[in-house]
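Structure at a glance
The chain contents come next:
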Amino acid sequence: MTSSAAGYELPLLLFGGFRAIIDELHGELARRGHQDLRPAHGFAMQAIGFRGATASEVGRRLGISKQAAGKTIERLEALGYAQRAGDSADRRRKLTRLTPRGVAALTLSAEIFGDIRDRWARTLGDDRVADLEASLRTMVPGETFRLDVPGWFGAS
């Protein structure tokens, strides 16, 4: 059976679903005290991770330049989500770590994502959402989540 849907609709619908979830997440983050966070900040905080990372590592993980990563890190520092300090293992490296506020924002994001998924399951049914997730796991090659989306969107 062949669908009558145009081929371009699938990526647009997938992106629309992604955008709807991210917009809802950020609306809820704002209501809970994180009104200054933007989607790019979330990607950057994921790239920094709970162990910390250098600007070069963040840039590589995001698919952006070290300079662009540095600017994003500076913004996260100004907002109180990250801080830079020397690396105890190598004094030449400047390591960025999440602050308690940054860790709290990521933890809250995970909770909100769970709430959004639960709402989708209530609306569409548990089986349909589970089937959608399983189907996407089958079709998405390799890693299911790549941090380089900001760099990929900005690539020329």
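Our subject in this report is the structure included herewith. What you are looking at is a predicted structure, and each value in this text was computed from that prediction instead of being measured.

Observations regarding the overall build of the protein
- Tallying secondary structure elements over the protein gives 7 helices and 2 strands in all.
- Mapped in sequence order, the helices and strands of the protein form the string α-α-α-α-β-β-α-α-α.
- Taken across its 156 residues, the protein has 29% of its residues classed as buried.
- Put simply, 56% of the contacts in the protein that link residues at least 6 apart link residues at least 24 apart.
- Approximately 10,400 Å² of the protein is accessible, and the part contributed by carbon and sulfur atoms is 55%.

Some points on a negative patch on the surface
- On the surface, a cluster of negative charge is made up of D115, D118, D126, D127 and D131.
- Of all the elements in the fold, those that place two or more residues in the negative patch are α5 (100-124) and α6 (126-139).
- With respect to the helices and strands, D127 occurs in helix α6.

Some words on the pattern of salt bridges
- Within the structure shown, the criterion is met by 9 salt bridges.
- E24 is the salt-bridge partner of R119, the closest N and O atoms lying 2.3 Å from each other. Of this pair, R119 sits in helix α5 while E24 sits in helix α1 (residues 9-31), and the two are 95 residues apart along the sequence.
- Sharing partners across several salt bridges, the network here consists of E28, R31, R32 and E111.

As for the packing of helix α3 (residues 55-62) against helix α4 (residues 66-79)
- One way to put it is that α3 packs onto α4 with a least axis distance of 8 Å and a crossing angle of 105°. Classified by the interaxial angle, the pair formed by α3 and α4 is roughly perpendicular. Mapping the contact onto sequence places A55, S56, V58 and G59 in α3 and K66, A69, G70 and I73 in α4.
- Looking at the contact of α3 with α4 residue by residue, the class counts come to 4 nonpolar, 3 polar and 1 charged.

Observations concerning a nonpolar patch on the surface
- On the surface, a cluster of nonpolar side chains totalling about 390 Å² of accessible area is made up of L10, L14, L132, L136 and V140.
- For L10, the position within the fold is in helix α1.

Description of the packing of aromatic side chains
- Per the counting criterion, the structure on display carries 1 aromatic pair.
- Between F15 and F18, the ring centres sit 6.2 Å apart and the planes meet at 35°, which makes this aromatic pair tilted. Placement of the pair is F15 and F18 together in helix α1, with a separation of 3 residues, close to one helical turn.

Here we look at the nonpolar core
- Core analysis: the largest hydrophobic core is formed by 24 residues, its most contacted members being M45, V58, L76 and Y81.
- When sequence neighbours within four positions are dropped, the list of residues in contact with Y81 reads H34, D36, L37, M45, L76, R97, L98, T99, R101, G102 and A105.

Reading the values: rules and limits
- Residues numbered from 1 in each chain as written.
- Predicted model: local features only at pLDDT ≥ 70, side-chain atom pairs only at ≥ 80, totals over all residues.
- Heavy atoms only, no water.
- Helix = DSSP H or I, 4+ residues; strand = E, 2+ residues; numbered from the N terminus.
- Buried < 20%, exposed > 50% of the residue type's maximum accessible area, 1.4 Å probe, protein only.
- Contact = heavy atoms within 4.5 Å.
- Areas by Shrake-Rupley, 256 points an atom, 1.4 Å probe, with all protein chains shown as cover.
- Patch = residues over 30% accessible without salt bridge, like charges linked within 9 Å, V, L, I, M, F, W, Y side chains within 5 Å.
- Salt bridge = Lys/Arg side-chain N within 4 Å of Asp/Glu carboxyl O.
- Lys, Arg positive; Asp, Glu negative; His and termini not counted.
- Charge placed at Lys NZ, Arg CZ, Asp CG, Glu CD.
- Axes fitted to C-alpha atoms, helices over the stretch in contact; angles between N-to-C directions.
- Parallel < 35°, antiparallel > 145°, perpendicular 65-115°, else oblique.
- Nonpolar A, V, L, I, M, F, W, Y, C, P; charged D, E, K, R; others polar.
- Phe/Tyr/Trp six-rings, centres within 6.5 Å; stacked < 30°, edge-to-face > 60°.
- Core = buried A, V, L, I, M, F, W, Y, C linked by side-chain atoms within 4.5 Å.

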